[in-house]
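What the coordinates show
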Amino acid sequence: MKVADKLKQAAEKGFKVLKEGQANILYIEQKLEKDDKGFLKQSGKKKMANEVNEIRGAVFYNPVQEFNRDFSISVIREFIKLRKEEHVTKKKQFDGVKLLEALAATGLRSVRYIKEIPDVKMLVANDLDPKAVELMEQNFAFNDCDPAKFKTFTHDAVHLMN
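Here is a short report on the structure shown in this document. From a predicted model like this one, the values you see are computed outputs, not experimental measurements.

Parameters at a glance
- All residue numbers refer to position in the chain's written sequence, counted from 1.
- Given that this is a predicted model, residues contribute local features only at a pLDDT of at least 70 and side-chain atom pairs are listed and counted only at 80 or more, while totals for whole chains, interfaces and linings are drawn from all residues.
- As a convention, hydrogens and water are excluded, and side-chain values are obtained from all of the structure's heavy atoms.
- What we call a nonpolar core is a set of buried Ala, Val, Leu, Ile, Met, Phe, Trp, Tyr and Cys residues that are connected through their side-chain atoms within 4.5 Å.
- Partly exposed residues are those whose accessible area sits between 20% and 50% of the maximum for their type, while under 20% is buried and over 50% is exposed, using a 1.4 Å probe and protein chains only.
- Note on conventions: DSSP H or I runs of at least 4 residues are helices, E runs of at least 2 residues are strands, and numbering of each starts at the N terminus.
- We call two residues contacting when some pair of their heavy atoms lies within 4.5 Å.
- Note on aromatic pairs: the rings of Phe, Tyr and Trp (six-membered ring only in Trp) are paired at centre separations within 6.5 Å, and the planes decide the class, stacked below 30 degrees, edge-to-face beyond 60, tilted for the rest.
- Note on pairing: two strands pair once DSSP finds at least 2 bridges between them.
- An axis is simply a line fitted to the C-alpha atoms; with a helix, the fit covers only the stretch in contact. Between two such axes, the angle follows the N-to-C directions and lies from 0 to 180 degrees.

Some words on the nonpolar core
Within the largest apolar cluster, 24 residues are counted, with the highest numbers of intra-cluster contacts made by Leu99, Tyr113, Ile117, Leu123 and Phe140. Broken down by secondary-structure element, the contributors of at least two residues to this core are strand 2 (23–27), helix 2 (66–89), strand 8 (97–101), helix 3 (108–116), strand 9 (120–126) and helix 4 (130–142). Residue contributions to this core peak at 4 residues, all from helix 3. With residues up to four places along the chain from it excluded, the contact list for Leu123 reads Leu99, Ser110, Tyr113, Ile114, Phe140, Lys149, Phe150 and Lys151. The next biggest cluster of nonpolar side chains, apart from the first, holds 5 residues, and it includes Phe15, Leu26, Leu135 and Phe142.

What follows is the structure, given as structure tokens:
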């Protein structure tokens, strides 16, 4: 399916599409209400309002972290380059890297890792929120990510890493 057709279908389903790096992420925008003290009202919890989170997605997305995501991709690429050199020196075969994103939310970072780092063998994307995992799975499909390269989980991050 062409990108233009995918974008049209996403808009028809109420999604906005965010472009970052090589990823296009489905996103449902949600305007949060403020109380009389400037706190955001959200399902019984209050959060301080600011220019970043006054309007946010139904699943967490932080646009301020784009530089961090760019930087982490660069660092992993450099790590892979060094690992390949090490394997050549030891006359071993390099099989790629396995990555964990324990708090994946929309899956933006995970999708970028799969699309922008050629040597990702397997990526585990996790979030405690089942809605987040459902959205990240949609984002993997929306970005034509190879299902053999990722697994998704709905676990507590601490338990997943143990």
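A few points about the environment of Ala125
Looking at where Ala125 falls in the secondary structure, it is placed in strand 9. Its relative accessible area of 0% is what places Ala125 among the buried residues. For the pair Ala125 and Leu103, spaced 22 residues apart in sequence, the C-alpha to C-alpha distance is 7.4 Å. Not counting residues within four places of it along the chain, the set of residues in contact with Ala125 comprises Glu101, Ala104, Ser110, Met136, Phe140, Lys151, Thr152 and Phe153.

A closer look at the packing of aromatic side chains
Under the defined criterion, the tally for this structure stands at 2 aromatic pairs. With 6.0 Å between their ring centres and 20 degrees between their planes, Phe67 and Phe71 make a pair best called stacked. Here Phe67 and its partner Phe71 are both found in helix 2, 4 residues apart, which amounts to about one turn of the helix. A residue is classified by how much of its surface remains accessible, and Phe67, at 62% relative accessible area, is exposed. Arranged with centres 3.9 Å apart and planes meeting at 15 degrees, the rings of Phe140 and Phe150 form a pair that is stacked. Residue Phe140 is located in helix 4, and its partner Phe150 is located in strand 10 (residues 150–153); the two are separated by 10 residues in the primary sequence. Comparing Phe140 with Phe150 shows no difference in burial state: the two are buried.

Section: the sheet that holds strand 9
Spatially, 3 strands are ordered 8-9-10 in an open sheet, and the strand pairing comes out parallel. Two strands bound the open sheet, and with one partner strand each, they are strand 8 and strand 10. On average, each strand axis in the sheet is tilted by 15 degrees relative to the strand beside it, whichever way the strands run. Strand direction decides the pairing type here: strand 8 and strand 9, joined by 5 bridges, are parallel. Considered in strand 9, the bridge of Val97 is made with Val120. Contacting strand 9 and strand 10, helix 4 runs over the sheet at an angle of about 165 degrees to strand 10.

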